[in-house]
Amino acid sequence: MTVVGMDGDLLADGLKRVQAEVDASFDDLLPVPDDTRARLVEAMRYATIGGGKRVRPLLVVSTAEMYGVSREAAIRVGTAVEAIHVYSLIHDDLPCMDDDELRHGKATVHKVYDEATAVLAGDALHALAFDILADADTSTDPFVRSELIATLGHASGMNGMAGGQMMDMVADEEGVDYDLRAVTRLQQLKTGALLGASVEMGAILGRVPIETRAHLRAYSRDIGLAFQIADDLLDVIGDEAKAGKALRKDEVQGKQTFVTLMGVDKAREQARALVDQAIAHLASHGSEADTLRALARFIVERDR
């Protein structure tokens, strides 16, 4: 991960701290039992601890802290979002989906354990996310907990991440070609929904009224698309050693992406324009939003 300049220092420190805190959170939440469930929990720990950029937890924490939320509560919510993200990666890597052998520079869960254990590990992480959000340790306000649960449920289901994954799977079928509008919709669901939920849940923790969250939603919508365009660019021009996963798969599979539809230069230009637009949505905030601004810039500058 390459992060440079003042924004880079701020972001690198923020990511490093959140990575350590989320790892500690998973370590605390996932003690290995002294019975035959041990293999399942070991697989969950393997998938969650010591890997990933933790962009989504950082979005939760950075948004929540703008509104005076305790870091402990924000980390719990960030851990719940990351549990959903990791479950989706475990399932995406399965032979019945993307059939990947490498994730975050190490063997995928089904390769280290087995396919059935990987399925159960994903299922259990999905359940863990909502266990965390329903716990009074996350918020003493039942209305806040309810809204957190509803937001994450919507973002991860058929109207969010899972729906986007289905659209992506259909794109593999012969004779199916998506235009730019369809690819944008696919990625708004598959990638953007969970990024958007991360920002939204930070605001929910801060008890920000729904009618005053429009600028945060616009910010997360723009970084969600920029994030995916950057991913598509990395798939074409990135370094597999830095990415920690197989690249060039979209080209091999003949998938339509932002890069195939727009070209490398136009896609890069569009990603940068989206980042500028995202940052502009934060104009009503001062230095308390600097991490969100730095994170937006990092999205198009990252090398993995």
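Use the structure listed above.
Now for a look at the structure at hand. Worth saying up front: this structure is predicted, and the values here are computed from it rather than measured.

1. Structural notes on the environment of His-215
No. 1: Of note, His-215 is situated in helix H10 (residues 214–237).
No. 2: Separated by 104 residues in the primary sequence, His-215 and Lys-111 place their C-alpha atoms 42 Å from one another.
No. 3: For His-215, the contacting residues outside a window of four places in its chain are Tyr-67, His-281, Ser-284 and His-285.

2. Description of empty space enclosed by the protein
No. 1: All told, the structure shown has two cavities of 30 Å³ or more when counted by the stated rule.
No. 2: In this structure, the largest cavity spans a volume of roughly 120 Å³.
No. 3: Contributing to the lining of the largest cavity are Tyr-46, Ala-47, Val-86, Leu-89, Ile-90, Asp-93, Arg-103, His-104, Lys-106, Ala-107, Thr-108 and Val-109.
No. 4: When contributions to the lining of the largest cavity are tallied by element, the ones reaching two or more residues are helix H2 (38–48), helix H4 (71–92) and strand E2 (106–107).
No. 5: Among the elements that make up the lining of the largest cavity, the one with the highest residue count is H4 (three residues).
No. 6: Of the residues assigned to the lining of the largest cavity, the class counts are seven nonpolar, two polar and three charged.

3. Considering helix H6 (residues 115–134)
No. 1: The terminal C-alpha atoms of H6, which comprises 20 residues, lie 29 Å apart, in line with the 28 Å expected from a rise of 1.5 Å per residue.
No. 2: Turning to H6, its buried residues number three or more, namely Thr-117, Ala-118, Ala-121, Gly-122, Leu-125, Leu-128, Ala-129, Phe-130, Ile-132 and Leu-133.
No. 3: The N-terminus of H6 is capped by Asp-114, whose side-chain oxygen sits 3.2 Å from the backbone nitrogen of Ala-116.

4. Some points on the layout of surface pockets
No. 1: By volume, the second largest pocket is sized at about 500 Å³.
No. 2: In this structure, the second largest pocket is lined by 20 residues; those nearest its centre are His-154, Gly-192, Ala-193, Gly-196 and Ala-197.
No. 3: With eight residues, the top contributor of residues to the lining of the second largest pocket is helix H9 (residues 180–205).
No. 4: Here the residues of the lining of the second largest pocket sort into six nonpolar, eight polar and six charged.

5. Thoughts on the packing of aromatic side chains
No. 1: Counted by the stated rule, this structure contains one aromatic pair.
No. 2: Relative to Tyr-113, the ring of Tyr-46 lies with its centre 5.9 Å away and its plane at 75 degrees, an arrangement referred to as edge-to-face. Taken together, the residues span a long stretch of sequence, with Tyr-46 in helix H2 and Tyr-113 in the loop between helix H5 (109–112) and H6 at a distance of 67 residues.
No. 3: For Arg-56, the ring lying beneath its charged end belongs to Phe-227, and the centroid distance is 5.7 Å.

6. So, the packing of helix H7 (residues 142–156) against H9
No. 1: Interaxial distance between H7 and H9 falls to 9 Å at its minimum, and their mutual angle equals 175 degrees. As far as their axial angle goes, H9 and H7 are roughly antiparallel. Contact residues: H7 offers Val-144, Glu-147, Leu-148, Thr-151, Leu-152 and Ala-155, while H9 offers Ala-193, Leu-194, Ala-197, Glu-200, Met-201, Ile-204 and Leu-205.
No. 2: Broken down by class, the residue content of the contact of H7 with H9 amounts to 10 nonpolar, one polar and two charged.

7. Things to note about the pattern of salt bridges
No. 1: Considering all chains together, one arrives at 20 salt bridges under this definition.
No. 2: Lys-111 serves as the salt-bridge partner of Glu-101, at 3.8 Å between the closest nitrogen and oxygen. Of this pair, Glu-101 sits in the loop between H4 and strand E1 (102–103) while Lys-111 sits in helix H5; the two residues are 10 residues apart in sequence, bridging distant segments of the chain.
No. 3: The exposure class of Lys-111 is partly exposed, given its relative accessible area of 46%.
No. 4: Residue Arg-213 pairs with Glu-200 through a salt bridge whose shortest N-O separation is 2.9 Å. Of this pair, Arg-213 sits in the loop between H9 and H10 while Glu-200 sits in helix H9, and the two are 13 residues apart along the sequence.
No. 5: The exposure class of Glu-200 is buried, given its relative accessible area of 10%.
No. 6: When salt bridges that share partners are traced, they join Arg-17, Glu-21, Glu-65 and Arg-71 into one network.

8. Some thoughts on H7
No. 1: The terminal C-alpha atoms of H7, which comprises 15 residues, lie 21 Å apart, in line with the 21 Å expected from a rise of 1.5 Å per residue.
No. 2: Considering only its buried residues, H7 is in contact with H4, H6, helix H8 (161–170) and H9.
No. 3: Where H7 begins, one side-chain oxygen reaches toward the backbone nitrogen of Phe-143, 2.8 Å away; that side chain belongs to Asp-141.

9. Here we look at the environment of Ile-90
No. 1: Position of Ile-90 relative to the elements: it lies in helix H4.
No. 2: Using a relative accessible area of 5% as the deciding quantity, one classes Ile-90 as buried.
No. 3: Not counting chain neighbours up to four residues away, the residues in contact with Ile-90 comprise Ala-47, Val-109, Ala-118, Ala-121, Gly-122 and Leu-125.

So, how was this worked out
- Residues numbered from 1 in each chain as written.
- Predicted model: local features only at pLDDT ≥ 70, side-chain atom pairs only at ≥ 80, totals over all residues.
- Heavy atoms only, no water.
- Helix = DSSP H or I, 4+ residues; strand = E, 2+ residues; numbered from the N terminus.
- Contact = heavy atoms within 4.5 Å.
- 1 Å grid on protein atoms, 1.4 Å probe; cavity = no way out; pocket = protein on both sides within 12 Å on 5 of 7 lines; lining within 4 Å.
- Points joined across faces, edges and corners; volume = space filled by probe spheres on them.
- Nonpolar A, V, L, I, M, F, W, Y, C, P; charged D, E, K, R; others polar.
- Expected span 1.5 Å × (residues − 1).
- Buried < 20%, exposed > 50% of the residue type's maximum accessible area, 1.4 Å probe, protein only.
- Polar contact = N/O pair within 3.5 Å; in protein donor to acceptor, adjacent residues only side chain to side chain.
- Phe/Tyr/Trp six-rings, centres within 6.5 Å; stacked < 30°, edge-to-face > 60°.
- Lys NZ or Arg CZ within 6 Å of the ring centre and 35° of its normal.
- Axes fitted to C-alpha atoms, helices over the stretch in contact; angles between N-to-C directions.
- Parallel < 35°, antiparallel > 145°, perpendicular 65-115°, else oblique.
- Salt bridge = Lys/Arg side-chain N within 4 Å of Asp/Glu carboxyl O.

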